[in-house]
Amino acid sequence: MVLQSEIVSNWADGKRLAFVGDGDAISVCVAYLKHRGIVDYGPSKITVFDFDERVVKAVKRFADKERLENLDAQLYNCLDSFPDTSKFDCFYTNPPWGASNNGESVNIFVQRGIEAVAYEGDGMIVIADDDELAWPKQVLASVQKYASERNFFVSRMMPKLHQYHLDDNPELLSCNLVVTSVPGAEVPIFPSEAITDVTRLENFYGRSNSPRVRYVRERKRVDYGRAHDDEYEYELLEKMP
Ligand SMILES: C[S@@+](CC[C@H](N)C(=O)[O-])C[C@H]1O[C@@H](n2cnc3c(N)ncnc32)[C@H](O)[C@@H]1O
């Protein structure tokens, strides 16, 4: 994560960066590395768009606590049309990896990134990249086709750079696929639309796991930063004689 955060800080230096989903909190790391002077470069503005209110509020709480004025977050489900925000210069997304839908879940997240930059800018897409398996190659091909059909070309790829460290696939490698808009290419003017074509949503989160959640709502907690009462109990020391 430190390696990736430094790469993103450098890549998006001085730019307005939109995160389409950010379960890994790379957005917070990027903002904080610069704030603490670990690196002297980074995005001018960062906004996280995620359907999980716990992620959104955690980003806002951290930004507030550490006075990170350039970091914010917004509750958003990428199946809905993209909110009418001011234009971003670049986007970052680590979407559901698309093994069971030939990358359609990735393309929907990428679509929202492309809309965030209004079809003009750059995108960093974190997806699987593994020589041992066929589906990562099929997904990479599908995403590159999707991007090029929207006048984005692959300007950079950092192959097999990191791993997902996921319980059900700890060894799976991932890459940074960087796409850039073709200068002078025609920019579509039609507005962002909700995803209504159900075939695009089949196996979205894995085999026979289509979307059914609009938002993950955060349940109120008494005191953030402390373990929840039902997570532990004290075994007290014997009374000292
Ligand atoms: C789903 S994870 C994917 C992580 C990893 N690439 C994987 O495949 O396990 C990425 C982030 O996207 C968010 N997310 C998932 N579905 C979403 C949706 N429909 N709209 C917006 N954010 C979503 C999650 O809350 C999380 O923060």
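Residues numbered from 1 in each chain as written. Predicted model: local features only at pLDDT ≥ 70, side-chain atom pairs only at ≥ 80, totals over all residues. Heavy atoms only, no water.

## Focus on the environment of T196
Right, so step 1: Along the chain, the position of T196 falls in the segment after β7 (173-181).
Right, so step 2: Here the alpha-carbon distance between T196 and S100, two residues 96 residues apart in the chain, equals 19 Å. (Helix = DSSP H or I, 4+ residues; strand = E, 2+ residues; numbered from the N terminus.)

## Looking at the layout of surface pockets
Right, so step 1: In this structure, the largest pocket spans a volume of roughly 1,000 Å³.
Right, so step 2: What lines the largest pocket is a set of 39 residues, and nearest its centre among them are D24, N94, P95, Y164 and L166.
Right, so step 3: At the level of elements, α1 (2-11), β2 (45-50), α3 (53-65) and β6 (152-163) are the ones that each hand at least two residues to the lining of the largest pocket.
Right, so step 4: Residues of the lining of the largest pocket, tallied by class, amount to 21 nonpolar, 12 polar and 6 charged. (1 Å grid on protein atoms, 1.4 Å probe; cavity = no way out; pocket = protein on both sides within 12 Å on 5 of 7 lines; lining within 4 Å. Points joined across faces, edges and corners; volume = space filled by probe spheres on them. Nonpolar A, V, L, I, M, F, W, Y, C, P; charged D, E, K, R; others polar.)

## Section: the packing of helix α4 (residues 104-116) against helix α5 (residues 135-148)
Right, so step 1: Taken N-terminus to C-terminus, the directions of α4 and α5 make an angle of 30 degrees; their axes are 9 Å apart at the nearest point. As far as their axial angle goes, α5 and α4 are roughly parallel. Remark: the crossing between α4 and α5 carries right-handed chirality. Of α5, the residues touching α4 (which contributes V106, N107, V110 and Q111) are V139, S142, V143 and Y146.
Right, so step 2: Grouping the constituent residues of the contact of α4 with α5 by class yields 5 nonpolar, 3 polar and no charged. (Axes fitted to C-alpha atoms, helices over the stretch in contact; angles between N-to-C directions. Parallel < 35°, antiparallel > 145°, perpendicular 65-115°, else oblique. Left-handed = near helix turned anticlockwise from the far one by under 90°. Contact = heavy atoms within 4.5 Å.)

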